[in-house]
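# Secondary and tertiary structure notes
These are the residues of each chain, in order.
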Amino acid sequence: MSKGKSKDSKSVNVKKEKNIKKINNKKYKNNIMYILIAVVVLLIVIYLILNSTIFSAKSYSKKYAEAVATGDKVKEYKYAGVTNQNEFVSEKEIEETYKNKVLRKVDSLEIVSEKEAKQIKDVELPSTGKNEKLFVAKYKLKNSKSTRYLVITLKRTNNKYLIFSNWKITNQDYFSDNVVVKIPNNTKAYLNNKALTDNYKMDSNDADSVSYEIPNLAKKSVLLQLELQNGIKIEKTINPSSNNVVDATDFSGYKLSSSSSSVLEKVVTNFSNLYVSGALKNKDFNSISKDSIWTKELIGTDDFKNNYQTLIDKYKTKKVSNYKIKSIDTASSYIYSFDTIKINANVKYSYKLNKKERERTTTFDIEVKNSDKLYINGFSIYGLQYMF
């Protein structure tokens, strides 16, 4: 009997232990569920707080208004959604453009709702579209008594970080639409150092030019550069508007880019080696005129030959040797017309006169024909006569 009782008590204890484990497991699962519910609720609360504050339309409007008020173009373009809209408007390029801009100081800035804004006199409010919000920024600049107003309308766009609201300014026009750039054939075009590729090329029957259409271009100063087939780059700043045609076929208003200096320096060096050094060495005119750096029109003139002989006569009276160019500055050169470039080169050179080392500067005034390469089409002999 004692053995039977012990067996029954053992089975009862086992059952109790199993029940206790079941109860504990249930409590554990319930606790996990409560914790998960609490975490989800906390995340929802955090999301609602962030979405209604940091990522709210009002908060976005304030950031944009602060950028406009202080004159911070980099942030203004960022919050307006202009930055990185296309390859011609990068954040780096905008930062470079406005890196030296002095910002204004703001004493006060307040964002008011559309309902409150309706009570402000002398502020005209636009009608808002579907899913748009309207705010008005009231602000005063430092040391100014007048209150300024900035009307802002926003529209919610794709979510930021997948879950938070993202906004776009809708009442400020930052883009010029359908800007056309027309350039000569055999020429490359660049906007803010970005090449206009075939993606933008328009169909045209014009044999002398090619046109590119840019659907969206930021309404700001844009650097237009043209690279000619001979390596010369010319540039000018444009401020295009919507449906504007920028005709760059006549090169009007352009200046030579600093990157063209090496090409121009080569022309000056070739001219010096042939014409100046040739005269110093009393070389035959036919030997220097055969070189391909001259235009046929120049070779056919009497002045070309007569001026060369004049230099020979001037130079042979002096014992000059070791003539060398030390530096060339072509910064004052300019593009005169579609097919003509005027090179004004400040030339520093050295030589020996009666075995004594000398160093001087002079100016080379050279006219070149702008073609597949640069051909010398004329020059001034005045400064050349008094080099030594």
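Structure first, text after, so check above.
Summarised in this report is the structure supplied together with it. Note that the structure is a prediction, hence the values are computed from the model and not measured. (Residues numbered from 1 in each chain as written. Predicted model: local features only at pLDDT ≥ 70, side-chain atom pairs only at ≥ 80, totals over all residues. Heavy atoms only, no water.)

## Some details on the overall build of the protein
Condition: Strands are runs of DSSP state E lasting at least two residues, helices are runs of H or I lasting at least four, and both sets are numbered from the N terminus onward. When accessible area is computed with a 1.4 Å probe and restricted to protein chains, residues below 20% of their type maximum are described as buried, those above 50% as exposed, and intermediate ones as partly exposed. Only heavy atoms enter the contact rule, under which two residues are in contact if any of them lie within 4.5 Å. Note on areas: Shrake-Rupley, 1.4 Å probe, and residue coverage restricted to the protein chains presented here.
What the protein contains, in helices and strands, is nine helices and 17 strands. Across the 388 residues of the protein, 36% fall into the buried class. Within the protein, contacts between residues at least 6 apart in sequence are counted, and of these 60% link residues at least 24 apart. If you sum the accessible surface of the protein, you get close to 24,000 Å²; carbon and sulfur atoms cover 48% of it.

## Focus on the sheet that holds strand E12 (residues 255-256)
Sheets are built from strands that pair by backbone hydrogen bonding, the pairs being arranged parallel or antiparallel. Put simply, the rule is: A pair of strands is treated as paired once DSSP finds two or more bridges between them.
The antiparallel open sheet is built from five strands, whose spatial order is E7-E6-E9-E10-E12. Both outer strands of the open sheet, strand E7 (194-195) and E12, are each paired with one neighbouring strand and no more. One ladder, built from two bridges, connects strand E10 (residues 233-238) with E12; its direction is antiparallel. Across the sheet, residue Ile 234 finds its bridge partner in E12, namely Leu 256.

## Things to note about unusual backbone geometry
The backbone phi angle of Asn 143 is positive, close to 65 degrees, even though this residue is not glycine. Summarising the element assignment, Asn 143 is placed in the loop between strand E2 (132-141) and strand E3 (148-156). Even without a glycine there, the phi angle at Asn 193 is positive, about 70 degrees. Position of Asn 193 among the secondary structure elements: in the loop between strand E6 (188-191) and E7. Since its relative accessible area comes to 55%, Asn 193 is described here as exposed.

## Regarding the side chain of Thr 187
Quick reminder of the rule: Counting of polar contacts relies on pairs of N or O atoms within 3.5 Å, with two restrictions inside protein: one atom must be capable of donating a hydrogen and the other of accepting it, and residues adjacent in sequence are counted only when both atoms are side-chain atoms.
Looking at the secondary structure, you find Thr 187 in the loop between strand E5 (175-184) and E6. In this structure Thr 187 comes out as buried when scored by relative accessible area, which is 11%. Within the structure, Thr 187 has its side chain in polar contact with the backbone oxygen of Pro 184 (distance 3.3 Å). In contact with Thr 187, not counting residues within four places along its chain, are Leu 226, Glu 227 and Leu 228.

## A closer look at the pairing of strand E8 (residues 209-218)
A regular strand carries its side chains on alternate faces of the sheet. Among the ten residues that make up E8, seven are buried, leaving the element largely enclosed by the rest of the structure. The sheet contact formed by E5 and E8 spans nine bridges and is antiparallel. Across the sheet, the residue bridging to Lys 182 is Ser 211, located in E8.

## A few points about the packing of helix H6 (residues 261-280) against helix H9 (residues 302-315)
Packed helix pairs are specified by the crossing angle of their axes together with the interaxial distance, meaning the distance between the axes. Short version of the rule: In this description, a line fitted to the C-alpha atoms serves as the axis of each element, helices being fitted only across the stretch in contact, and the angle between N-to-C directions of two axes falls anywhere from 0 to 180 degrees. For classification, angles of less than 35 degrees are called roughly parallel, those exceeding 145 degrees roughly antiparallel, those between 65 and 115 degrees roughly perpendicular, and all remaining angles oblique. Each crossing is labelled by how the near helix is turned from the far one, with a counterclockwise turn of less than a right angle marking it left-handed and a clockwise turn marking it right-handed. Three residue categories are used. Nonpolar comprises Ala, Val, Leu, Ile, Met, Phe, Trp, Tyr, Cys and Pro, charged comprises Asp, Glu, Lys and Arg, and polar comprises the others, including Gly.
Close contact between H6 and H9 brings their axes to 8 Å; oriented N to C, the two are set at 45 degrees. Considering the angle they form, H6 stands oblique to H9. As for how H6 packs across H9, the hand of that crossing is right-handed. The segment H6 lies against H9, with Tyr 275, Val 276, Gly 278, Ala 279 and Leu 280 engaging Phe 304, Asn 307, Tyr 308, Leu 311, Ile 312 and Tyr 315. Class assignment of the residues belonging to the contact of H6 with H9 gives a composition of nine nonpolar, two polar and no charged.

## Side note on the sheet that holds strand E11 (residues 245-247)
Taken in spatial order, the three strands make up an open sheet running E8-E5-E11, and their pairing is mixed. The sheet terminates laterally at E8 and E11, the two strands that pair on one side only. The mean angle between the axes of side-by-side strands here comes to 25 degrees, regardless of whether they run parallel or antiparallel.

## Describing the environment of Phe 88
In this fold, Phe 88 is placed in the loop between helix H3 (73-80) and helix H4 (91-97). Among residues more than four places away in sequence, those in contact with Phe 88 are Glu 93, Leu 191, Asn 192, Lys 194, Ala 195, Leu 196, Tyr 200, Ile 214 and Leu 217.

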